[in-house]
Amino acid sequence: MDKAIIINPRDNVGVALFELNKGETFGNVEILSNIPEKHKFALTDIAKGENVIKYGYPIGIATTHIKKGDHIHTHNLKTAITASEEYLFKGEKSYSPKGTDITFMGYLRKNGKVGIRNRIFIIPTVGCANNAAKIIAEKANKELNLGSDVLALTHPYGCSQLGDDASNTAKCIAALCKHPNVGGALLLSLGCENNNLQVMKPYLGEYDTDRIKLLNMQECDDEIEEGLEIIKSIYNITKEDKRTPQPISKLTVGFKCGGSDGFSGITANPLCGKICDKLTSYGATAILTEVPEMFGAETILMDRTVNEDIFNKTVRMINGFKNYFTEHNQVVYENPSPGNKDGGITTLEEKSLGCITKGGTSIVTDVLNLYEPCKKSGVSLLWGPGNDMVSTTNLACADAVIILFTTGRGNPLGAPIPTLKISTNTALSQKKKSWIDFDAGTLLENGSFEETTEKLLSTIIDMSNGKKALNEINNYEEIAIFKDGVTL
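Note that the structure is predicted; figures quoted are calculated from it, not measured.

1. Quick look at the nonpolar core
Core analysis: the biggest nonpolar cluster contains 107 residues, and Leu251, Phe255, Phe295, Leu381, Leu404, Leu420 and Ile422 have the highest contact counts within it. Excluding its chain neighbours within four sequence positions, the residues that come into contact with isoleucine 422 are Ala268, Cys272, Leu404, Phe405, Thr406, Thr407, Phe438, Ala440 and Leu456. Ala129, Ile136, Leu215 and Met217 belong to the second largest nonpolar core, which has 23 residues in total.

2. Here we look at the packing of helix α2 (residues 163-177) against helix α10 (residues 388-397)
Between α2 and α10, the least distance of the axes is 9 Å, while the angle of their chain directions is 55°. By the angle between their directions, the pair α2 and α10 is classed as oblique. As α2 runs across α10, the sense of the crossing is left-handed. Between α2 and α10, the residues in contact are Cys172, Ala175 and Leu176 and Thr393, Ala396 and Cys397, respectively.

3. Section: the side chain of glutamate 349
With respect to the helices and strands, glutamate 349 occurs in helix α9 (residues 348-355). Of the side chains with opposite charge, lysine 322 comes closest to the buried, unpaired glutamate 349, at an N-O distance of 9.9 Å. Once residues lying within four places of it in the same chain are set aside, the contact partners of glutamate 349 are Pro58, Ile59, Gly60, Thr79, Ala80, Ile81, Phe295 and Gly296.

4. Here we look at the packing of helix α1 (residues 130-144) against helix α4 (residues 223-238)
Packing of α1 against α4 brings their axes to within 9 Å, and their N-to-C directions diverge by 50°. By the angle between their directions, the pair α1 and α4 is classed as oblique. The two elements α1 and α4 cross, and the hand of that crossing is right-handed. Where α1 abuts α4, its residues Ala132, Ile135, Ile136, Lys139, Ala140, Glu143 and Leu144 lie against Glu223, Ile224, Gly227, Leu228, Ile231, Lys232 and Tyr235.

5. Digging into the side chain of threonine 280
Along the chain, threonine 280 turns up in helix α5 (residues 268-281). Among the polar contacts made by the side chain of threonine 280, one reaches the main-chain carbonyl oxygen of cysteine 276 at a distance of 2.8 Å. Side-chain polar atoms of threonine 280 contact the backbone oxygen of aspartate 277, separated by 3.3 Å. Setting aside anything within four residues of it in sequence, one finds threonine 280 in contact with Tyr95, Pro97, Ala286, Ser362, Gly378 and Val379.

6. Description of the sheet that holds strand β14 (residues 182-189)
Read across the sheet, 4 strands follow the order β13-β12-β14-β15 without closing on themselves; strand pairing throughout is parallel. Looking at strand neighbours, the two that pair on one side only are β13 (150-152) and β15 (212-216), the edges of this open sheet. Averaged over all pairs of adjacent strands, the angle between strand axes in this sheet comes to 20°, irrespective of strand direction. Here strand β12 (residues 119-124) pairs with β14 via 6 bridges, running parallel. Bridging from a neighbouring strand, isoleucine 123 pairs with leucine 187 of β14. Against the sheet, α1 contacts β12, β13 and β14, and its axis sits at roughly 165° relative to β13. Its contacts with the sheet put helix α3 (residues 197-204) on β14 and β15, and the angle it makes with β15 is roughly 165°.

7. Notes on helix α12 (residues 449-464)
Counted at 1.5 Å a residue, the expected span for α12 with its 16 residues is 22 Å, and the 22 Å between its end C-alpha atoms agrees. Here α12 has its buried residues at Thr452, Thr453, Leu456, Leu457, Thr459, Ile460, Ile461, Met463 and Ser464. Among the structural elements, β10 (103-108), α5, β21 (402-407), β22 (419-423) and β23 (438-439) are those in contact with the buried residues of α12. Between the side-chain oxygen at the start of α12 and the backbone nitrogen of glutamate 450 there is a gap of 3.2 Å, and the oxygen is on serine 448. Following α12 by one or two positions, glycine 466 adopts a phi angle in the positive range, close to 130°.

Each value, and the rule that gives it
- Residues numbered from 1 in each chain as written.
- Predicted model: local features only at pLDDT ≥ 70, side-chain atom pairs only at ≥ 80, totals over all residues.
- Heavy atoms only, no water.
- Core = buried A, V, L, I, M, F, W, Y, C linked by side-chain atoms within 4.5 Å.
- Buried < 20%, exposed > 50% of the residue type's maximum accessible area, 1.4 Å probe, protein only.
- Contact = heavy atoms within 4.5 Å.
- Axes fitted to C-alpha atoms, helices over the stretch in contact; angles between N-to-C directions.
- Helix = DSSP H or I, 4+ residues; strand = E, 2+ residues; numbered from the N terminus.
- Parallel < 35°, antiparallel > 145°, perpendicular 65-115°, else oblique.
- Left-handed = near helix turned anticlockwise from the far one by under 90°.
- Lys, Arg positive; Asp, Glu negative; His and termini not counted.
- Salt bridge = Lys/Arg side-chain N within 4 Å of Asp/Glu carboxyl O.
- Polar contact = N/O pair within 3.5 Å; in protein donor to acceptor, adjacent residues only side chain to side chain.
- Pairing = 2+ DSSP bridges.
- Expected span 1.5 Å × (residues − 1).

If you want it as structure tokens, here you go:
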């Protein structure tokens, strides 16, 4: 196995697969200083002000003259991202999914969507009800012998919020109540909060009153006992729900990366891209989010938009999120994280180019607002930040029934839906066996993308049929509601 890799023929950098020592050679390149694993080195002399190229695209500008064989990182490379850019639509694209006989065993809901779990959620409308929700869930699981199928989704919001900030909380809660993986839900209200039950009802819209129940704690004698009885009544309905064969076109998959490293764009993310292409070719839905981690690579996605309307929505999403940064007096390129940098990622462009490979070459068919459910097959781009807890919650609220979460440094975080962790390197998979569901690091050992894609697809089908992801086994299931407003 080679000690380094060149990802694209146009690149002027290589990536160390193992630590390279000063004096070693890679092809015709003599290494001039020790290069940590996953970090970059120059394949040729790069002049100050010249583009550094990785994945076939610029990842920033050299801040000094870089010699062939030099280590390239924060000391000699900077971002070229600016706060605003103009974009050009390059024409419509065709999206025509093909048929397949691949199926999974799912729960067909009344609205036509299909879930892969049949959970009961208890969701407080306000943080004051959090502990009551947890106690009810614990008692219900114990009395009904349900393991952890009744889940309390706690959060600190629902009161002392105004405007869009308050509305976002209500939208998030409503979306989770009506998620395809949810057989029923209890909305637990304190009673005096801004986001009370009367406020919540319009956000819920039409709903099955046998499966979604509301409880005001201030109006009952014993909220724990009444809540428990409500959960039992919901369970008497959901226990009759059965899995039935469903076409894979009914599957909705969210894609996410967190704790990325220099291998993310080489193994796990492009593997997800292969899966994305395969699923969307069958008519399934894929959702990409983490908008700040599209900055610097957004034109690649824009060039794959199905028509000018979706192109314009993508432009508004990108520029709108840049404005979100600047309105808070923050620069748009304050990324990667310290952990990303330790793992060899230097600039936001580099992180973004690796990040969007999760979308493969699939056609972008829709752009979703925060807490808006997906409506179309193909790739949907979802407004939202890169923060792991917030973006996994956002994906769930968009009706993703499973998330493929790639990581190079490791993260145990899980959404309240199966969150399948894919390691970029085998060392992480071996070290964190209780976190990692799938090892993409085998691709560094001359593994076949075709065979590994089929293996990952089989794993996705198994989990869709009911096999639990490690986040579910570990009870690593939580939400974080996007907040952008004052607290009273």
